[in-house]
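Structure assessment
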Amino acid sequence: DAKTTQPNSMESNEEEPVHLPCNHSTISGTDYIHWYRQLPSQGPEYVIHGLTSNVNNRMASLAIAEDRKSSTLILHRATLRDAAVYYCILRDYGQNFVFGPGTRLSVLP
Amino acid sequence: GAGVSQSPRYKVAKRGQDVALRCDPISGHVSLFWYQQALGQGPEFLTYFQNEAQLDKSGLPSDRFFAERPEGSVSTLKIQRTQQEDSAVYLCASSLYRGSPDTQYFGPGTRLTVL
C-alpha cells in the first residue's frame, strides 16, 4: 500500500489558518488523496478528498502539489472544535483505507 | 438521517470470555467495514462486507475473530476467548460502495477492555 508521512503534532491559535502537510512520494496515478479527522472519543469523519486538482468544501481546502508527491490540508480559521487527529490516506479503487498515526492538532484559545 | 451506530459503546470482559459487538450501518449502504484501533494509533482494517458477502477478511488477527452480516445490513463482530491484547476500540464504517473515492462513514466505536 502507498504510504504517507505526516508530522506527529501541530499547534494553532484559534481563528488562525492551519496548514497540515502530508508527503506521499510513492503515490500512484490512480491513488486518491483522502483526509479524515478523528475528534476525541469519536470515529473518524470525512474531511475532503482529491485526485489532481485543488479542492474546496465547507470544511477545508486541499492543495495538491503538481507532482502529487505532497498535499496540504488547509483549515481557513481554526476553531476549538477542530482539535483532532488528522489522517492523510492514499487509496486506489477497491483498496482498503490504510490509516497512519496522523497529525494531532491542538488549537489554543 | 441517522448515522452509523454501534453497541455497546463500552464493554469490559474477563480474559477468556466471548464478546459480540454490533454495528448498524447507514440504511442502503452496500459496503461495511470493521477496524481495530489501539490506543494512540490509527484504525487498522479488519474485514469488509459487500451486502451479506464477506469479501475481505485479511485483517482479522486470528481465528478467534469472526464477523457476519447475514441480511446485508446489521453486522456483528465476535471475538472468542478474549485476550488482553484484544483491548482496543472497534470501529465500524459503511459506504454506498467500496470504490474510491467513496466516503466511509464511521460509527463512534466500541471500547473493549479485557481484564
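This text goes with the structure placed above it.
Below: a short report on this structure. All values reported here derive from a predicted model rather than from experimental measurement.

In this section: the layout of surface pockets. Within this model, the largest pocket holds a volume of roughly 620 Å³. Lining the largest pocket are 31 residues, with Gln-38 of chain A together with Gln-37, Leu-39, Gly-40 and Arg-111 of chain B positioned closest to its centre. Counting residues per element, the ones that place at least two in the lining of the largest pocket are strand E8 (84–91) and strand E9 (103–108) of chain A together with strand E9 (88–95) and strand E11 (110–114) of chain B. Here the lining of the largest pocket gets 4 residues from one element, more than from any other, and that element is E11 of chain B. Of the residues belonging to the lining of the largest pocket, the class tally is 15 nonpolar, 13 polar and 3 charged. The calculated volume of the second largest pocket comes to roughly 260 Å³. Pro-44, Glu-45 and Tyr-46 of chain A together with Tyr-105 and Phe-106 of chain B are, among the 15 residues lining the second largest pocket, the residues nearest its centre. If you list the elements that add at least two residues to the lining of the second largest pocket, you get strand E4 (45–50) of chain A together with strand E10 (105–106) of chain B.

Pairing between the strands of a sheet is mediated by backbone hydrogen bonds and can be parallel or antiparallel. All names here are of chain A. The 5 strands are arranged E1-E9-E8-E3-E4 in an open sheet whose pairing can be described as mixed. On the outer flanks of this sheet lie strand E1 (9–13) and E4, each paired with one strand and no other. Averaged over all pairs of adjacent strands, the angle between strand axes in this sheet comes to 25°, irrespective of strand direction. With 7 bridges joining them, strand E3 (residues 32–38) and E8 adopt antiparallel strand pairing. Directly across from Tyr-36, in E8, lies its bridge partner Tyr-87.

Definitions and cut-offs
- Residues numbered from 1 in each chain as written.
- Chains lettered and ligands numbered in written order.
- Predicted model: local features only at pLDDT ≥ 70, side-chain atom pairs only at ≥ 80, totals over all residues.
- Heavy atoms only, no water.
- 1 Å grid on protein atoms, 1.4 Å probe; cavity = no way out; pocket = protein on both sides within 12 Å on 5 of 7 lines; lining within 4 Å.
- Points joined across faces, edges and corners; volume = space filled by probe spheres on them.
- Helix = DSSP H or I, 4+ residues; strand = E, 2+ residues; numbered from the N terminus.
- Nonpolar A, V, L, I, M, F, W, Y, C, P; charged D, E, K, R; others polar.
- Pairing = 2+ DSSP bridges.
- Axes fitted to C-alpha atoms, helices over the stretch in contact; angles between N-to-C directions.

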